[in-house]
Amino acid sequence: MADGAFTYDGGAVEPGETRDIRYAISETYMGDPVRIPVTIINGAEPGPTGVLSAAAHGDELNGIEVVRTVAHDWDHDDLRGTLVCLPVLNVPGFLAQQRYLPIYDRDLNRSFPGSETGTSARRMANHIFENFVAPCDFGLDFHTSTRGRTNMLHVRADTSREGVERVAKSFGSNVIIDGSGPEGTLRHESTVREVPTITVEMGEAHRFQRHLIDRALAGVESVLAEFEMQSVSAVRWPGWRTVIDGDAEKTWLRADVGGLVDMHYDGGDLVEEGEPVCTITDPFKADSETVSAPFTGLLVGVLENPLVYPGNPLCHLVELDASTRRALEREQASSSLPA
């Protein structure tokens, strides 16, 4: 709970103050500083401290626009508490427009909470974590799918940990995939250190997708309402929700042959057991293989690049219970009606 200045190594932001910082977390081969952009908005009234982060993978751009918009376009005159906005965690990857740090291809999002004496990635992660994540009460970490795939907007969270379910449900997404997440991820390491954090997955790499950005902004507003950091917004109910836990069926469907893929559905679509999800053909269309749904479920992630080798992922399918399936079917039926 913020009650006073937000402090970091090298400075402090007082109540009622907003500060833009270029914070050094490493050095280049030339000895020049590697700086990340940080905006800290410390409300005039006390309240929780939340951190919004994006681009731990340098090619994942949707979250950057979410965090920038919250930091610079929203009116924070009535903010209670503090917002720490980190729009680009992986600046070297962002500048190179690639997923990993261009330093031995290290994954920054497997390097948290970091180390003062470890690899370059772990040293960067340590500067970020200790200064701008550890002091917070909750976190939202924005991601997209990797290159060549796309995700419908959904949340990943370890709801068994104290405080995480509150953050995850208040964001207002239809789908929450429950699990601890890999060690070294910002979400996992923040949560085990009592900063309940969720991952927001949204869309694909290398682009801004405005409809997803707008939905994520609504989710941020909803979380701030839940924590009573803003008085004008309401906690969002998405209409239907499913929490995919360890007991639910979920699988990545993978290609058994190489070729060109014709996807028959989009992310967010409901597919019935046995229905063909996609077809894989060779360049002559002489041979084809149909990939069918092993159970009735929701396509959370789908292929965008239609070229596959055997073993490449095609789509991420998760099971829905009967009541959730009916709610989704009603929603999709109403959205297809003419205006």
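Residues numbered from 1 in each chain as written. Predicted model: local features only at pLDDT ≥ 70, side-chain atom pairs only at ≥ 80, totals over all residues. Heavy atoms only, no water.

Considerations on the overall build of the protein
Check the secondary structure of the protein and you find seven helices and 19 strands. Rg of the C-alpha trace for the protein: 21 Å, near the compact-globule value of 20 Å for 339 residues, within the 12% margin. Projected onto its principal axes, the C-alpha coordinates of the protein cover approximately 65 × 50 × 35 Å. Of all 339 residues assigned to the protein, the portion counted as buried reaches 52%. Residue pairs at least 24 apart in sequence account for 67% of intrachain contacts in the protein once pairs closer than 6 positions are excluded. Total accessible area computed for the protein in this model is approximately 15,400 Å², and 45% of it derives from carbon and sulfur atoms. (Helix = DSSP H or I, 4+ residues; strand = E, 2+ residues; numbered from the N terminus. Rg over C-alpha atoms; globule rule 2.2 N^0.38 Å. Buried < 20%, exposed > 50% of the residue type's maximum accessible area, 1.4 Å probe, protein only. Contact = heavy atoms within 4.5 Å. Areas by Shrake-Rupley, 256 points an atom, 1.4 Å probe, with all protein chains shown as cover.)

Quick notes on the pairing of strand β6 (residues 80-86)
A regular strand places its side chains so that they alternate between the two faces of the sheet. The element β6 is extensively covered by neighbouring structure, given that six of its seven residues are classed as buried. Two elements, strand β4 (residues 33-42) and β6, share four bridges in a ladder whose sense is antiparallel. Note that in β6 the partner of Thr39 across the bridge is Cys85. Of the strand pairs in this sheet, strand β5 (residues 45-54) and β6 are connected by six bridges, and their pairing is parallel. Among the inter-strand pairings, Leu52 is bridged to a residue of β6, identified as Cys85. (Pairing = 2+ DSSP bridges.)

So, the nonpolar core
Counting residues in each nonpolar core, the largest one holds 67 residues, and the members touching the most others are Phe142, Phe171 and Ile198. In this structure, Cys278, Ile280, Leu299 and Val308 belong to the second largest nonpolar core, which totals 17 residues. (Core = buried A, V, L, I, M, F, W, Y, C linked by side-chain atoms within 4.5 Å.)

Quick notes on the packing of helix α4 (residues 164-171) against helix α6 (residues 210-226)
Where α4 meets α6, the closest approach of the two axes is 7 Å, and the angle between their N-to-C directions is 135 degrees. In terms of axis orientation, α4 runs oblique to α6. Here α4 and α6 pass one another in a crossing that is right-handed. Within the contact between the two elements, α4 uses Arg166, Val167, Ser170 and Phe171 and α6 uses Ala216, Gly219, Val220, Ser222, Val223 and Glu226. For the contact of α4 with α6, the residue count by class is five nonpolar, three polar and two charged. (Axes fitted to C-alpha atoms, helices over the stretch in contact; angles between N-to-C directions. Parallel < 35°, antiparallel > 145°, perpendicular 65-115°, else oblique. Left-handed = near helix turned anticlockwise from the far one by under 90°. Nonpolar A, V, L, I, M, F, W, Y, C, P; charged D, E, K, R; others polar.)

Note that all results are geometric; they support no functional claim without further evidence.
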